[in-house]
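Commentary on secondary and tertiary structure
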Amino acid sequence: DIEKIEKVMCAAPVIPVLIVEDPRKAVPMAEALVRGGLPAIEITLRTAHALEAINAVNEHVEGAIVGAGTVLDGKQYDAAVSAGARFIVSPGATANLLDAADQHSVPLLPGAATASEVMFLLERGYERLKFFPAEQAGGASYLKSLSSPLAAAKFCPTGGVSLDKAPDYLKLPNVLCVGGSWIADAKAIAEDDWSGIETRAKAAAALKI
Ligand code: 3PG
């Protein structure tokens, strides 16, 4: 529901989007993000060990609010909740996914990129949405155009967002936070660059909403 997902979205200006290949890296990675001031983190279900990574962060990283991203259907929703995900993110929304969300108290941040998709989700009671893929769909000026006709919808733009581009989104009336992989990308995780991740997290945490 709205309070639960809003708490996640308002924990910091940025939600890091993570692709974790090696579950042993999940804990030091999440600790670096929390130290840097980004407690809400999204581990995408795009790797074989993503659920294991979510479980490890949930159990071992104090202060982290770990969510599952790239959740495409009800089966993945159930699995993510069982693994300990505290929120669920999807690039879009289907009836199957929303039906699954109705069965859980763990909140969903569904994705939308057009007025009709936003209207469909508003009808289903979702006022907090992921705008995806943000840059490719039209960027901050496109999202701004949705703010007047669809004022109830507030977004987390994700997809092609960087430290430089984040402020253009964060100043919009219909944006609560942004998401992105630039804080902890595949290379930084592969190289155990925890200090680099912490440095980029600090810069992201300092962005003004
Ligand atoms: C996502 O799943 O939200 C995107 O893949 C993240 O987009 P980015 O890698 O362009 O930040």
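The paragraphs below set out a description of the structure included in this document. Along each chain, the written sequence defines residue order, and numbers are assigned to residues from 1. For this predicted model, a pLDDT threshold of at least 70 governs which residues receive local features, and a threshold of 80 or more governs which side-chain atom pairs are given and counted, while totals over whole chains, interfaces and linings are taken from all residues.

1. Observations regarding the pairing of strand S2 (residues 40-44)
- With C-beta atoms placed from the backbone, a residue counts as buried when 20 or more other C-beta atoms lie within 10 Å of its own, as exposed when 12 or fewer do, and as partly exposed for counts between those limits. Helix and strand labels come from DSSP, where a helix needs a run of H or I of at least four residues and a strand needs a run of E of at least two; each type is numbered from the N terminus. Of all five residues in S2, five are buried, a share of seventy percent or more.
- Every second residue of S2 is oriented toward a common face, with Ala40, Glu42 and Thr44 on one face and Ile41 and Ile43 on the other, all of them buried.
- Relative to S2, strand S1 (residues 14-18) is paired through two bridges, and the arrangement is parallel. Within S2, the position partnered with Leu18 by the bridge is Ile43.
- For the handedness criterion, the strands are oriented away from the viewer, and a crossover whose path from the first strand over the helix to the second runs clockwise is classed as right-handed. For the crossover that starts at S1, traverses helix H2 (residues 26-35) and ends in the parallel S2, the hand is right-handed.
- Between any two strands, at least two bridges found by DSSP are needed for them to pair. Two strands pair when backbone bridges link them, and S2 and strand S3 (residues 65-69) are joined in this way by five bridges, in the parallel orientation. Residue pairing across strands places Glu42 opposite Gly67, the latter belonging to S3.
- Each parallel crossover has a hand, and for S2 linked through helix H3 (residues 50-60) to S3 it is right-handed.

2. Things to note about unusual backbone geometry
- The residue after Phe132, namely Pro133, is reached through a cis peptide bond having omega -10 degrees.
- Mapped onto the fold, Pro133 is located in the loop between strand S7 (128-131) and helix H7 (134-137).
- Phi at Thr70 takes a positive value of approximately 55 degrees, unusual for a residue other than glycine.
- Inspection of the secondary structure assignment puts Thr70 in the loop between S3 and helix H4 (74-83).
- One non-glycine residue, Asp192, lies in positive phi territory at about 55 degrees.
- What makes Asp192 partly exposed here is the crowd of 14 C-beta atoms within 10 Å.

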